Amino acid sequence: MRRILANPYAPAFALAVVVVMVPLLVPSPFYLRLATLVFINALVVVGLNLLMGYAGQISLGHAAFFAMGAYASAIGPAHLGLPTLASMLAGIVLTGVVAYGVGKPILRFKGYHLAVATLGLGVIVSIVITNEIAWTGGPDGMQVARLWIGSWRVSGVANWYWVAGITLIVAMLGAANLLSSPTGRALRAIHDSEVAAGVLGIDVARYKLLVFVISAIYAATAGAFLALFDGHVTPVTGGILRSIEFVAMAVLGGLGSILGSVLGAAVLVVLPQALTSFHEFEHAILGAILMVLMIALRRGVIPSLQSWLLRGAA
Amino acid sequence: MKPIRALVCAVLMAPGLATAARSEILIGSVLSTTGPASFLGEPEKQTLEVYAKRINDAGGVNGEKIRLIIYDDGSDASNSRTFATRLVEQDQVVAVVGGTGTGNSLAMIPVFEEAGIPFVSLSGGVDIIDPVRKWVFKPPHTDRMACAKIFTDLKQRGLTNAAFIAGQGGYAKSMVTQCRSVAGQYGIKILAEESYGPRDSDMTAQLTRIKALPGLKAVINADIGQGPAIVTRNAAQINLGMPLYQSHGAATQGYLELAGPAAEGVRLPGPSLLVAEQLPDSDPQKKVLLDYTAVIEKATGKPVGTFGGYAHDGLLLLVDAMKRAGSADPAKVRDQLEKTKGYVATVGIITMSPTDHLGIDLSAFRMLEVKRGKWAVVD
């Protein structure tokens, strides 16, 4: 038990099992859509959790990266005549570059300067998307061309379920790999004490920047998937509330826990669907459930359960 | 993950089981009853609920009761799409009326097109029915029609040089874009376009800049909410000296109250709903409009608005098509929707055809002018 729980790759394998099982168990494609949305959100949160849980930095602008990936996939084919796949990849690279540009000067400081800078970035991206009607369609959003990979037309929930699921597994393996590498050890050292890490010769700013860029790339990939999956994208995709939702998913599942990221995303995507029968009280109940979870399982759902299970096994 | 999966299945199966027993007609709806568009979504929801109950109390449709399944998308188009999928796959509705914002409707359309479910949209954007889509209909006026109505009036008065002052919301943006695209057809020149932020409380600077333009004959303000009232007051303060036009977004009682005496002489294209009492008894819409006003004011205690009227028209169009089809079969209902002819609704008199899924023309809008703090029909 202890060994399974301690294996850094275990969450990705657990998810792989779930990804294969879900289509066999669910009664209608609606659930596959929900699962796909969970995977897409989890992809952002896994990246964000690396930043929050290991580099100890908060980003309040991840929806901006999410939206950049989404709109790049939409604008490339519509206005520049690029193939969808190429514009999606270009958007992801571009988002990485923007994150580098924002993070480079900011991450040299201690404290939560990144939170403020990303908050600003989020507002700017949101304003640009809303106002550049000729490019983005403004508040009504724009249609997104279908994705073709070779002769495979990636559309419909049956295709996107697998694309998003497999990408998430790869992203989790990547994150686990990063964490068990020397870089991961450096990140954990930074999280425990920046001063001590610096004394040990770790370039604190460089590692933080690396994680920030990786998390932005994860977010952009997820954003591109959502846009291509929905076939339509609106500025709400990049709104400030979305950023806060991502942070809530990371905190709820548990900071520093990859599996927690997936669980946090699952809870916040599925719960609103499950609560629709309560009509007006939906939001109040959702809030109450989140509060109770955070009070009872203070370190997030997965880390709290993990330490409880480990105590039980010992 | 396992317990979560079990939870997911258990919780989500519950509504699925509830719909198993069906001797009723399920009509789905996705509205923005929370979030930035909630001031549109909320009256739509109230109207749907009030009218569904009235229809059932009167014996239902073809002997069956209708049941509404209404979801709130929180004004997020991706959520609309999720709920659209849920209505089709899970709830297995036979028709859908809803979609508060244009973006929300556009995001849902592919789901209904693919499933073959008739969808009556409640959003304003012209993109919803242009090009015509087989399963998609919409009663609301489009922005383009509001522009056309204003431009027709400008031309008649010989005021062919106009300037825009607009907000930055979706409504205003879309309106200005549509107006620019049709201005040429009416011989209107747009000399300038000024904008203001959603929380701005003074637009004197923009108006002064516009006023200084040589040869300008009229100013058009495109916005909803408090913006139009502020623009109207500011225009009076700086003595604009030329006619001010508002869009149909300002066609509310709230605008008259906020703008006060400054609104005297302001013109706008408005729905007949606002001036129902002033219409001659011979007007075919008068009875429908007065009925709707009475029902909603009694049920909610609030004055009627254009957007609730859209929901009324959307639901009743569907019900009318179901009655004519003699069943709730989606394909038959769609065919009957397309054959809707001379249906009297709050937005106008609707006649659909295979090439027109909007069904109303410019006569659905009336040019209104504010006279002594009330709407008066000019044309």
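- The name that an unreviewed UniProt entry assigns to chain B is ABC transporter substrate-binding protein, with the source organism given as Chelatococcus reniformis.

- For chain A, the name recorded in an unreviewed UniProt entry is ABC transporter permease, with Chelatococcus reniformis as its organism.
- Quoted verbatim from the Subcellular location (unreviewed entry) field of the UniProt record, the comment on chain A reads "Cell membrane".

## A short note on the interface of chain B and chain A
- Facing 32 residues of chain B, the contacting portion of chain A comprises 35 residues.
- A buried area of about 3100 Å², summed over both sides, lies between chain B and chain A, and 62% of it is on carbon and sulfur atoms.
- The salt bridge involving B:Asp76 is made with A:Arg242; its shortest N-O contact spans 2.6 Å.
- If you look at where chain B meets chain A, you find 10 residue pairs in polar contact (both at pLDDT 80 or more).
- Listing elements by their share of the side of chain B that touches chain A, those giving two or more residues are α1 (2-18), β2 (65-72), α3 (77-91), α4 (102-115) and α6 (170-183) of chain B.

## What about the UniProt feature "domain: Leucine-binding protein" (unreviewed entry) in chain B?
- Look at the UniProt record and you will see "domain: Leucine-binding protein" (unreviewed entry) annotated at residues 25-371 of chain B.
- With 43% helix and 18% strand, the stretch residues 25-371 of chain B has end C-alpha atoms that lie 46 Å from each other.

## Here's the deal with the packing of aromatic side chains
- The full count for this structure, using the stated rule, is 12 aromatic pairs over all chains.
- Judged by centre distance (5.6 Å) and plane angle (85°), the ring pair of B:Phe307 and B:Tyr310 falls under edge-to-face. Of this pair, B:Phe307 and B:Tyr310 both sit in helix α11 (residues 306-325), 3 residues apart, roughly one helical turn.
- Owing to a relative accessible area of 21%, B:Phe307 belongs among the partly exposed residues under this scheme.
- Here B:Tyr310 falls in the buried class, since its relative accessible area comes to 4%.
- An aromatic cluster is present here, built from A:Phe39, A:Tyr161 and A:Trp162 joined pairwise through their rings.
- The residue whose ring lies beneath A:Arg206 is A:Tyr207, and the NZ or CZ to ring-centre distance is 5.2 Å.
- Over the aromatic face of B:Trp135 sits the side chain of B:Arg334, whose NZ or CZ is 5.9 Å from the ring centroid.

## Thoughts on the pattern of salt bridges
Residue and element names in this part refer to chain B.
- One pass over the structure, following the stated rule, counts 17 salt bridges over all chains.
- Among the salt bridges present, the one from Asp153 reaches Arg267, with a minimum N-O distance of 2.9 Å. Separated by 114 residues along the polypeptide, Asp153 in helix α5 (residues 143-156) and Arg267 in strand β10 (residues 267-271) bring together distant segments of the chain. The same class applies to Asp153 as to Arg267, namely buried.
- A salt bridge links Arg334 to Asp335, with the shortest nitrogen-to-oxygen separation between them at 3.1 Å.

## Some thoughts on the sheet that holds strand β3 (residues 95-98) of chain B
Residue and element names in this part refer to chain B.
- Spatially, the 5 strands line up as an open sheet ordered β2-β1-β3-β4-β5, and their pairing is parallel. A single partner strand is all that each edge strand has here, and the edge strands are β2 and β5 (136-137).
- Relative to β5, strand β4 (residues 119-121) runs parallel, the two being bridged by 2 bridges. Paired with Phe119 across the strands is Val136, a residue of β5.

## Quick word on the environment of B:Val126
- Here B:Val126 is to be found in the loop between β4 and β5.
- Those residues in contact with B:Val126, other than ones at most four positions away along the chain, are B:Thr142, B:Arg144 and B:Gln178.

## Quick word on the pairing of β3(B)
- Here β3(B) shows two buried faces, one formed by B:Ala95 and B:Val97 and the other by B:Val96 and B:Gly98.
- Handedness of the β-α-β unit built from β3(B), α4(B) and β4(B) comes out right-handed.

## Digging into the nonpolar core
- B:Ile27, B:Phe112, B:Phe151, B:Leu154 and B:Tyr255 are the most contacted members of the largest nonpolar core, which has 120 residues in total.
- Here this core gathers at least three residues from each of two domains, domain 1 (2-142 + 289-360) and domain 2 (143-276 + 364-377) of chain B.
- If we skip the residues at most four places from it in the chain, B:Tyr255 touches B:Pro228, B:Ala229, B:Thr232, B:Gln246, B:Ala250, B:Ala263, B:Val266 and B:Trp375.
- Formed by 106 residues, the second largest nonpolar core is a distinct cluster that contains A:Leu50, A:Ala70, A:Leu209 and A:Phe212.

What counts, and where the lines are drawn
Residues numbered from 1 in each chain as written. Chains lettered and ligands numbered in written order. Predicted model: local features only at pLDDT ≥ 70, side-chain atom pairs only at ≥ 80, totals over all residues. Heavy atoms only, no water. UniProt positions renumbered as here; feature names shortened; annotations may be inferred. Contact = heavy atoms within 4.5 Å. Buried area = accessible area lost by both parts, 1.4 Å probe. Salt bridge = Lys/Arg side-chain N within 4 Å of Asp/Glu carboxyl O. Polar contact = N/O pair within 3.5 Å; in protein donor to acceptor, adjacent residues only side chain to side chain. Helix = DSSP H or I, 4+ residues; strand = E, 2+ residues; numbered from the N terminus. Phe/Tyr/Trp six-rings, centres within 6.5 Å; stacked < 30°, edge-to-face > 60°. Buried < 20%, exposed > 50% of the residue type's maximum accessible area, 1.4 Å probe, protein only. Lys NZ or Arg CZ within 6 Å of the ring centre and 35° of its normal. Pairing = 2+ DSSP bridges. Right-handed = clockwise from strand over helix to strand, strands pointing away. Core = buried A, V, L, I, M, F, W, Y, C linked by side-chain atoms within 4.5 Å. Domains from an automatic or database assignment.

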